[in-house]
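Coordinate inspection notes
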Amino acid sequence: MMELHSISIDGNIEQFSKPIFQTFGMFVGMLFGLVMHWIVLIFKIPFPGYEHGSQEYPRVEMTSSTTKTQYGAVDSEEAPLVSQTSKPINGKTPLWMYFFLAIPSIFDLAATALCMMGLRYLDVSIYQLLRGSGIIFVALMKQHVLGDYLYKFQWFGVFWNVVSVILVGSTAILNSGENSQSNAEAGEALLGIVLVMLGAFVQALQFVFEEKVMTMDEIAVPPLLLIGMEGLWGTLLCLFVVYPLVYYLPGDDHGSYEDPFNTYQLFKNSSTIQLAFMIYFFAIFGYNLFAVLVTFVLNSIWHAILDNFRPITVWLSDLMIFYVISKSHGYGEPWTQYSVIQLFGMLVLLYGTAVYNAPNAGSIKLRGEWFSFCVDLSNEYEEIELSEQEAEADADWDAKVLSFQKRRASSLAEHSPHISIHTQALRGLASPKI
């Protein structure tokens, strides 16, 4: 959308490079979460994070069916995603929580604005991969703020995510330096990298905060309400704080950093931009919905990890757009001599994710082999497997105890003296007296 053109407020053709408008559009898209929230409540539709009367849709506790040791990896496909021992979200959301949810909106607004500003100086695939640095900050805050312990092999996986970010960042600078005879474009690329990294840090604050409010005892916030309230507060902040600020800040958009009146004129004069915005509206809502559900069902680190897989499809799509769809228009991204570094960075990213997700299926265990770089953490995997076995044994025992209690309660009820003699006669427990 930022590469499209339209007629501006002064009648000239301009590029629709409006990062604040895209941030505003993101929040407007998230507002649809409130509509879905009330639909789920009114029609009592089963949905993660909601309970309707006696019907419960539980939230995952990291127990025997998912991550039995609370270390944040995805278990095998045979294990159900939502365990029977999970705790449902109980109680109504208090009024103060609706105002409290302005905090993740501020994080989201700051992170998105920083990333959108950084995107102006970077290719979209570089931008997407740099956002993968968020896992570094999420992991640090999850251990030191939320108090969730991470194993050494998980930190090893996070380390390789850092390496992938460095590789991709160097690709952006090298590409800009090659295409420019001065250091101006390389400097802009570096500025873009810094802005996106700052955005990733603020986004990490948002992920951890969202996990916290969705796991609070008694007053946990359902995912759809969280998305909708973030959209509401973000929309209000954009309209009454951000847009007035960027309008009066000096810049190259008709004297402003971003002129909302010029943005409106560009939007009104181009049906292509309008169509692109509608697609963006539904895409951004879908993305935020599934992202919050990942945090709800798993945790904030997996939110950050799965975020890192978007660049694979984005880069491939960019290459296809450039070479297949719009070869004559110059949209998309071409393959350069440094793209191989970007490809290697993606492979490193996949490696780090596979290490982090050990010891489950499809993961890489560090047992001292060459691909483990002589790192042997077998004792941690054994500790996890032992904990899983103990958790399974505890779950089996709890199930047997519950079954015994039900049978005992049923037996006592059958022989209760308070049951009428006629009922006992019908059950064959006694004969009626005449």
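Our subject in this report is the structure included herewith.

Scoring rules and cut-offs
Throughout this description, residue numbers start from 1 for each chain and increase along the sequence as written. With the structure being a predicted model, the display of local features is reserved for residues of pLDDT at least 70 and the display and counting of side-chain atom pairs for 80 or more, all residues being used for whole-chain, interface and lining totals. Computation of side-chain values covers all heavy atoms of the structure but excludes hydrogens and water. Think of it this way: any DSSP run of H or I at least four residues long counts as a helix, any run of E at least two long counts as a strand, and we number them from the N terminus. The criterion used for residue contact is that any of the two residues' heavy atoms lie within 4.5 Å. Under the scheme applied here, a residue whose accessible area is under 20% of the maximum for its type counts as buried, over 50% as exposed, and between as partly exposed, the area being computed with a 1.4 Å probe on protein chains only. To form a nonpolar core, buried Ala, Val, Leu, Ile, Met, Phe, Trp, Tyr and Cys residues must be joined to one another through side-chain atoms within 4.5 Å. Any Phe, Tyr or Trp ring, taking Trp's six-membered ring, that has another such ring centre within 6.5 Å forms a pair; planes under 30 degrees apart are called stacked, those over 60 apart edge-to-face, and the others tilted. Between the N-to-C directions of two axes lies an angle of 0 to 180 degrees, each axis being a line fitted to C-alpha atoms and, for a helix, fitted only over the stretch in contact. Angles below 35 degrees are treated as roughly parallel, those above 145 as roughly antiparallel, those between 65 and 115 as roughly perpendicular, and all remaining angles as oblique. By the definition used in this description, the sense in which the near helix is turned from the far one sets the handedness, with an anticlockwise turn below a right angle giving left-handed and a clockwise turn giving right-handed. Only Asp, Glu, Lys and Arg are considered charged, only Ala, Val, Leu, Ile, Met, Phe, Trp, Tyr, Cys and Pro nonpolar, and every remaining residue, Gly among them, polar. Patches draw on residues past 30% relative accessible area with no salt bridge. Two like charges within 9 Å are joined, as are two nonpolar side chains (Val, Leu, Ile, Met, Phe, Trp, Tyr) within 5 Å. Accessible surface is estimated by sampling points in the Shrake-Rupley manner with a 1.4 Å probe; for residues, cover comes only from the protein chains shown. Criterion for a salt bridge: a side-chain nitrogen of Lys or Arg within 4 Å of a carboxyl oxygen of Asp or Glu. His is not counted, nor are the chain ends; Lys and Arg add positive charge and Asp and Glu add negative charge. Note on charges: their place is set at NZ of Lys, CZ of Arg, CG of Asp or CD of Glu. The span expected for a helix works out to 1.5 Å for each residue beyond the first. Bend at a given residue is defined as the angle between two axes, one fitted to the seven residues that end at that position and one fitted to the seven that begin there.

Things to note about the overall build of the chain
- The secondary structure content of the chain amounts to 16 helices and 4 strands.
- Within the chain, residue pairs in contact and separated by at least 24 positions form 69% of the contacts whose partners lie at least 6 positions apart.

What to know about the side chain of S270
- Looking at where S270 falls in the secondary structure, it is placed in the loop between α10 (260-268) and α11 (271-297).
- Those residues within four positions of S270 in sequence are excluded, and the remaining contacts are H5 and S6.

Some details on the side chain of S8
- Note on placement: S8 falls in the loop between β1 (5-7) and β2 (13-15).
- Given a relative accessible area of 2%, S8 falls into the buried group.
- When near neighbours in sequence (up to four residues on either side) are disregarded, S8 contacts E14, H254, N262, Q265 and L266.

Comments concerning the nonpolar core
- With 39 residues, the main nonpolar core has F47, L101, V213, V221, L226 and L289 as its most contacted residues.
- Elements with a contribution of two residues or more to this core: α1 (19-30), α2 (32-43), α8 (184-213), α9 (223-248) and α11.

A word on the packing of aromatic side chains
- Using the criterion set out here, one finds 25 aromatic pairs in the structure.
- Taking 5.7 Å as the distance between ring centres and 85° as the angle between the ring planes, the aromatic pair formed by W160 and Y351 counts as edge-to-face. In this pair, W160 is assigned in helix α7 (residues 152-179) and Y351 in helix α14 (residues 339-356), connecting sequence segments 191 residues apart.
- Here the aromatic rings of Y351 and F373 are separated by 6.3 Å at their centres, their planes lie at 80°, and the arrangement is edge-to-face. In this pair, Y351 is assigned in helix α14 and F373 in the loop between α14 and α15 (378-414), connecting sequence segments 22 residues apart.

Concerning the packing of α9 against α11
- Contact geometry for α9 and α11: axes closest at 9 Å, N-to-C directions at 135°. Between α9 and α11, the angle is such that the two are oblique. Handedness of the crossing formed by α9 with α11: right-handed. For the pair α9 and α11, the contacting residues are P223, L224, L226 and I227 in the first and F285, N288, L289, V292, L293 and F296 in the second.
- Taken together, the residues of the contact of α9 with α11 sort by class into 9 nonpolar, 1 polar and no charged.

A closer look at a negative patch on the surface
- Taken together, the side chains of E390, E392, D394, D396 and D398 make up a negatively charged region of the molecular surface.
- Looking at where D394 falls in the secondary structure, it is placed in helix α15.

Digging into α9
- Over its 26 residues, α9 extends 36 Å from the first C-alpha to the last, a length consistent with the 38 Å expected when each residue adds 1.5 Å.
- The largest bend in α9 is about 45°, located at C238.

Quick look at the packing of α10 against α11
- Contact pair α10 / α11: the axes reach a minimum separation of 6 Å and the direction vectors enclose 100°. By the angle between their directions, the pair α10 and α11 is classed as roughly perpendicular. Between α10 and α11, the contacting residues are L266, F267 and K268 on the first element and I273, Q274 and F277 on the second.

Focus: the environment of L31
- Looking at the element boundaries, L31 is found in the loop between α1 and α2.
- Relative accessible area serves as the criterion here: at 25%, L31 is assigned to the partly exposed category.
- Each C-alpha atom of the pair L31 and L232 lies 5.8 Å from the other, and the pair is 201 residues apart in sequence.
- Aside from chain neighbours lying at most four places away, what touches L31 is G228, G231, L232 and T235.

A closer look at unusual backbone geometry
- Despite not being glycine, H254 shows a phi value in the positive range, around 55°.
- Secondary-structure assignment places H254 in the loop between α9 and α10.
- Relative accessible area serves as the criterion here: at 34%, H254 is assigned to the partly exposed category.
- The backbone phi angle of F373 is positive, close to 55°, even though this residue is not glycine.

Keep in mind these numbers describe shape, not what the thing actually does.
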